Amino acid sequence: MLTAYTLAMIMTMNIKFTAIGYAGVLTVGLLIALYMSEQFGRLKRLFRIGAIGGLIGVLIVGYNPYVTNTLHYGHPFYPLAGEGAIDVVKNFTPRNLERMNRFEQIAAAYFAEPRGNSTDKLPTKFQMPFTFSPKELPTYAETDVAVAGFGPLFSGALLLSLVVLVLAFRRRPGLTMAAIGVIAVLAVSSLINPAAWWARYVPQLWVVPLICVWLALCLKGRRLVNGVGVALAVVLAANALMVSGTFASKQWVWSEELRGQLTALQKAAQPVKADFTYSWSNRERLKAYGIEFKEETPLACTGEKVTLLKSGTTLCVDGAGAQAQAQAKAQ
């Protein structure tokens, strides 16, 4: 198990720069748990294996970027730290969150109306827990919801989680403290990230209500706490179904529209001019449809520009291709 955990940490450290901090906090949390439970033999083994795994994760598996960044730029976290660091969330942070500390930002973001990422910097708007408007659900069709990113009912789930902890502590303080310890580790691993208000950067927060569901259902014969736990599970299930259902249905529709665009482009004079910007995967899409292309940035177009749906790829097609696009949309 310790070896499996270390391998998971090595993988985690090489997913994102921030993940190396998460791996460190989770490992420290596990070491503390082993110490408090007096499992000193396992603690020593985890410390040795974790140290070796950390070195392998950074120096070998993570040679690029950790070592190469250090050699070329003086530190391993270029360009997110050090002199001239790039703040990747500054332009997307709602204006009111800029004046808050991290705790306030989390409260303001997860108890708010859902909103996708945007450079408009509009302030968040408070939304009463357990309430939402059907008009808000299409927000979750996108892959990167910035405000209330865990779903419209997540704020209510957090409140029910707090109720579970209070009720459970009165009945089983030892078990409840163990659950709180796990939650604390998850919270610390989230709060070390300055963008903890944005769900995409702290996915581990989603686990907190699940821990409370487990805790509530562990207390057999305690009807009140069991009932709150079941209610919490129902809220989480409804929240997940709304988000996943909206996402899946909208993504299917958009995928069909994209296929229609690509089919229509097959009739255009080729090669078409293409500016992929950040959507390099569209090169493979064009190849799969047998569409020849010539990359050109910036795009100089004498025909009609066509932007592939939900992507940053712009193509230049001639009159015949544009007409085919119009026919595809009409169908």
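To be clear, the structure that these remarks concern was listed above.
Values in this document were obtained by computation on a predicted structure and should not be read as measured data.

What counts, and at which threshold
- Residues numbered from 1 in each chain as written.
- Predicted model: local features only at pLDDT ≥ 70, side-chain atom pairs only at ≥ 80, totals over all residues.
- Heavy atoms only, no water.
- Disulfide = S-S within 2.5 Å.
- Helix = DSSP H or I, 4+ residues; strand = E, 2+ residues; numbered from the N terminus.
- Buried < 20%, exposed > 50% of the residue type's maximum accessible area, 1.4 Å probe, protein only.
- Patch = residues over 30% accessible without salt bridge, like charges linked within 9 Å, V, L, I, M, F, W, Y side chains within 5 Å.
- Areas by Shrake-Rupley, 256 points an atom, 1.4 Å probe, with all protein chains shown as cover.
- Salt bridge = Lys/Arg side-chain N within 4 Å of Asp/Glu carboxyl O.
- Lys, Arg positive; Asp, Glu negative; His and termini not counted.
- Charge placed at Lys NZ, Arg CZ, Asp CG, Glu CD.
- 1 Å grid on protein atoms, 1.4 Å probe; cavity = no way out; pocket = protein on both sides within 12 Å on 5 of 7 lines; lining within 4 Å.
- Points joined across faces, edges and corners; volume = space filled by probe spheres on them.
- Nonpolar A, V, L, I, M, F, W, Y, C, P; charged D, E, K, R; others polar.
- Contact = heavy atoms within 4.5 Å.
- Pairing = 2+ DSSP bridges.
- Axes fitted to C-alpha atoms, helices over the stretch in contact; angles between N-to-C directions.
- Core = buried A, V, L, I, M, F, W, Y, C linked by side-chain atoms within 4.5 Å.

Further remarks concern the state of the cysteines. Counted according to the given criterion, the structure contains one disulfide. The residue that forms a disulfide with C301 is C316, at a sulfur-sulfur distance of 2.0 Å. On the S-S bond that ties C301 to C316, the torsion sits near 80 degrees, and the link is right-handed. With C301 in the loop between β4 (293-295) and β5 (304-307) and C316 in strand β6 (residues 314-317), the pair connects residues that are 15 residues apart, well separated along the chain. With no disulfide of its own, C212 has C218 as its nearest cysteine by sulfur position, at a separation of 12 Å. The exposure class of C218 is partly exposed, given its relative accessible area of 27%.

Glancing now at a positive patch on the surface. The grouping of R42, K44, R45 and R48 at the surface amounts to a positive patch. With respect to the helices and strands, R48 occurs in helix α3 (residues 40-61).

Moving on, we come to the layout of surface pockets. In this structure, the largest pocket occupies an estimated 740 Å³ of space. The element contributing the most residues to the lining of the largest pocket is helix α2 (residues 17-36), with five residues. Class assignment of the residues belonging to the lining of the largest pocket gives a composition of 17 nonpolar, six polar and six charged.

Take the environment of P76 next. Within the element layout of this structure, P76 appears in the loop between α4 (63-73) and α5 (102-110). Residues P76 and A231 lie 155 residues apart in sequence; the distance between their C-alpha atoms is 45 Å. Not counting residues up to four positions away in its chain, the partners in contact with P76 are F17, P65, Y66, N69 and T70.

A few words on the pattern of salt bridges. Opposite charge on two side chains makes pairing possible when the charged atoms of those side chains draw close. All told, the structure shown has seven salt bridges when counted by the stated rule. The salt bridge involving R95 is made with E98; its shortest N-O contact spans 3.6 Å. You can call E98 partly exposed: its relative accessible area is 40%. With its nearest N and O atoms 2.4 Å apart, the salt bridge here joins E256 to R259.

Read from one edge of the open sheet, four strands run β4-β3-β6-β5, paired in mixed fashion. Sheet topology places β4 and β5 at the edges, where each strand pairs with a single neighbour. Mean inter-strand twist for the sheet, computed between neighbouring axes without regard to direction, equals 30 degrees.

Examined against the element boundaries, V166 turns out to sit in helix α6 (residues 154-171). Classification of V166 as partly exposed rests on a relative accessible area of 48%.

Our focus in this paragraph is the nonpolar core. Judged by nonpolar contacts, the single largest core of 36 residues is most densely connected at Y110, V164, L215, V225 and L232. In terms of residues, this core owes the most to one element, α6, which gives seven residues. Setting aside residues no more than four positions away along its own chain, V164 makes contact with C212, L215, A216, V225, V228, G229 and L232.

As far as function goes, none of this settles anything; it's purely spatial.
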